[in-house]
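# Structure assessment
For reference, the chains in residue letters:
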Amino acid sequence: SDLKYTKEHEWLRKSGGNKYTLGITDKAQKDLGEIVYVESPEVGTSFEAEEAIGSIESVKAVAEIFIPVAAKITAINESLSDEPEQLNNDPYGDGWLVEVEVANEADVQSLLTKDQYEAFLKEDE
């Protein structure tokens, strides 16, 4: 799998060079329920690892979006402002959140693999 995962139920996918796409996992969208609003960061903003970069609002809750590694926002998924439900319908595809330029790619390698993430979910049940 080309995805890396976090214990906050987010994924990172390499999109070329040191750019990565960030999204939430299927588990995250299921836990949140029907998503009604996404607050995205400004393009060009830099964040330290573990900083909150925005939030996702559902009919049940508001969840912060955390950036797992130090990175700069290079693009946001504009379509989520009109269609936040894409996060529910296609969390690994059209429901991506932001594209980022990672400060240090080694940081990405320390994130969870698919197997490690699935094992973490089992422990969490």
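See the structure shown above.
Residues numbered from 1 in each chain as written. Predicted model: local features only at pLDDT ≥ 70, side-chain atom pairs only at ≥ 80, totals over all residues. Heavy atoms only, no water.

### Remarks on the overall build of the chain
The following threshold applies: Secondary structure follows DSSP: runs of H or I at least 4 residues long count as helices, runs of E at least 2 residues long count as strands, and numbering of each begins at the N terminus. Restricting the calculation to C-alpha atoms gives the radius of gyration, and the globule rule supplies 2.2 Å times the number of residues raised to the power 0.38. Classification of residues uses two cut-offs on accessible area relative to the type maximum, computed with a 1.4 Å probe and protein chains only: under 20% is buried, over 50% is exposed, and between them is partly exposed. Between two residues, a contact is recorded if the distance between any of their heavy atoms is within 4.5 Å. For every accessible area listed, the method is Shrake-Rupley and the probe measures 1.4 Å; residues are considered covered only by the protein chains on display. Just so you know, the count uses Lys and Arg for positive and Asp and Glu for negative, and it drops His and the chain ends. Each charge is placed at NZ for Lys, CZ for Arg, CG for Asp and CD for Glu.
Along its length, the chain carries 4 helices and 9 strands. Counting from the amino terminus, helix and strand elements in the chain follow one another as β-β-β-α-β-β-β-β-β-α-β-α-α. Here the chain has a C-alpha radius of gyration of 13 Å; the compact-globule value for 125 residues is 14 Å, and the two agree. Taking all 125 residues of the chain together, the buried fraction comes to 42%. At a minimum sequence separation of 6, the contacts of the chain that also span at least 24 residues come to 60%. Carbon and sulfur atoms form 44% of the exposed surface of the chain, whose accessible area is close to 6600 Å². One way to put it: in the chain the 11 positive side-chain charges average out to a point 7 Å from where the 28 negative ones average out.

### Remarks on unusual backbone geometry
At His9, a residue that is not glycine, the phi angle is positive and equals roughly 65°. A positive phi is found at Glu50, a non-glycine position, where the angle reads about 75°. When you line up the elements, Glu50 lands in the loop between β5 (46-47) and β6 (52-58). Its relative accessible area of 49% is what places Glu50 among the partly exposed residues.

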